[in-house]
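Next come the chains, spelled out residue by residue.
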Amino acid sequence: PKNVVSGSGDKRCRPEINTLLCGDPSTAKSQFLSYVYKLAPRGIYTSGKGSTAVGLTASINKDPATGDLVLQSGALVLADRGVCCIDEFDKMEEADR
C-alpha cells in the first residue's frame, strides 16, 4: 500500500485491483476474460489447465542456439501494470495455486 496525501490527511490505498470472477457454468466468463484481455493495453490471457506457478512468474531455460541460460518471463510479469486473465483457475494443480 502507498500513502496518498489529501486535504483531510494521509490515506492508504492499494495500487493494484484484484478481481475474482465466479459464476455458473456456461455464463460467458471465459468470453468476458477474453474480451478484457484484448481491450487492455497490456493484457495477458492464460488458462489454468496448462499453467504452473513457474509459468505464471518466471522460469530459467537454456537457449538452444547459444546454450546460455535465459530468464523467461511468465504471465504475471508480462502483465505488470496491466491485466492478467487466468481462466479456469480451479483446474490448476493445488501446489501451483
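The preceding data block contains the structure.
*Asks:* Tell me about the overall build of the protein, residues and numbers included.
*Replies:* Regarding its fold elements, the protein presents three helices and six strands. Shown N-terminal to C-terminal, the secondary structure of the protein runs as helices and strands in the order β-β-α-β-α-β-β-α-β. Out of the 97 residues belonging to the protein, those deemed buried represent 14%. Long-range contacts, defined as pairs at least 24 residues apart, comprise 45% of the intrachain contacts of the protein with a sequence gap of at least 6.

*Asks:* Break down the packing of aromatic side chains for me, citing the residues and quoting the values.
*Replies:* Each pair of aromatic rings is reported with the distance of its centres and the angle of its planes. Taken as a whole and judged by the stated rule, the model has one aromatic pair. An angle of 40° between the planes, with centres 5.7 Å apart, marks the rings of Tyr 37 and Tyr 45 as tilted.

*Asks:* Provide a residue-level description of the pairing of strand E5 (residues 69-73), including the pertinent values.
*Replies:* Bridging between strand E4 (residues 58-62) and E5 involves five bridges; their strand directions are antiparallel. When the bridges of E5 are listed, Ala 58 appears paired with Ser 73. From the end of E4 to the start of E5, which pair antiparallel, there are six residues, and Gly 67 there has a positive phi angle of about 85°.

*Asks:* Can you break down the environment of Asn 18 residue by residue, with the values?
*Replies:* Position of Asn 18 relative to the elements: it lies in the loop between strand E2 (9-13) and helix H1 (29-39). We classify Asn 18 as exposed; its relative accessible area is 65%. A C-alpha to C-alpha distance of 9.8 Å links Asn 18 and Cys 84, two positions 66 residues apart in sequence.

*Asks:* Please provide a residue-by-residue account of unusual backbone geometry, values included.
*Replies:* Despite not being glycine, Ser 26 shows a phi value in the positive range, around 65°. Take Ser 26: it is sitting in the loop between E2 and H1. Take Ser 26: its relative accessible area is 79%, and that puts it in the exposed class. Phi is positive for Ala 28, which is not a glycine, with a value near 65°. Topologically, Ala 28 is positioned in the loop between E2 and H1. Classification of Ala 28 as partly exposed rests on a relative accessible area of 43%.

Reading the values: the criteria
Residues numbered from 1 in each chain as written. Predicted model: local features only at pLDDT ≥ 70, side-chain atom pairs only at ≥ 80, totals over all residues. Heavy atoms only, no water. Helix = DSSP H or I, 4+ residues; strand = E, 2+ residues; numbered from the N terminus. Buried < 20%, exposed > 50% of the residue type's maximum accessible area, 1.4 Å probe, protein only. Contact = heavy atoms within 4.5 Å. Phe/Tyr/Trp six-rings, centres within 6.5 Å; stacked < 30°, edge-to-face > 60°. Pairing = 2+ DSSP bridges.

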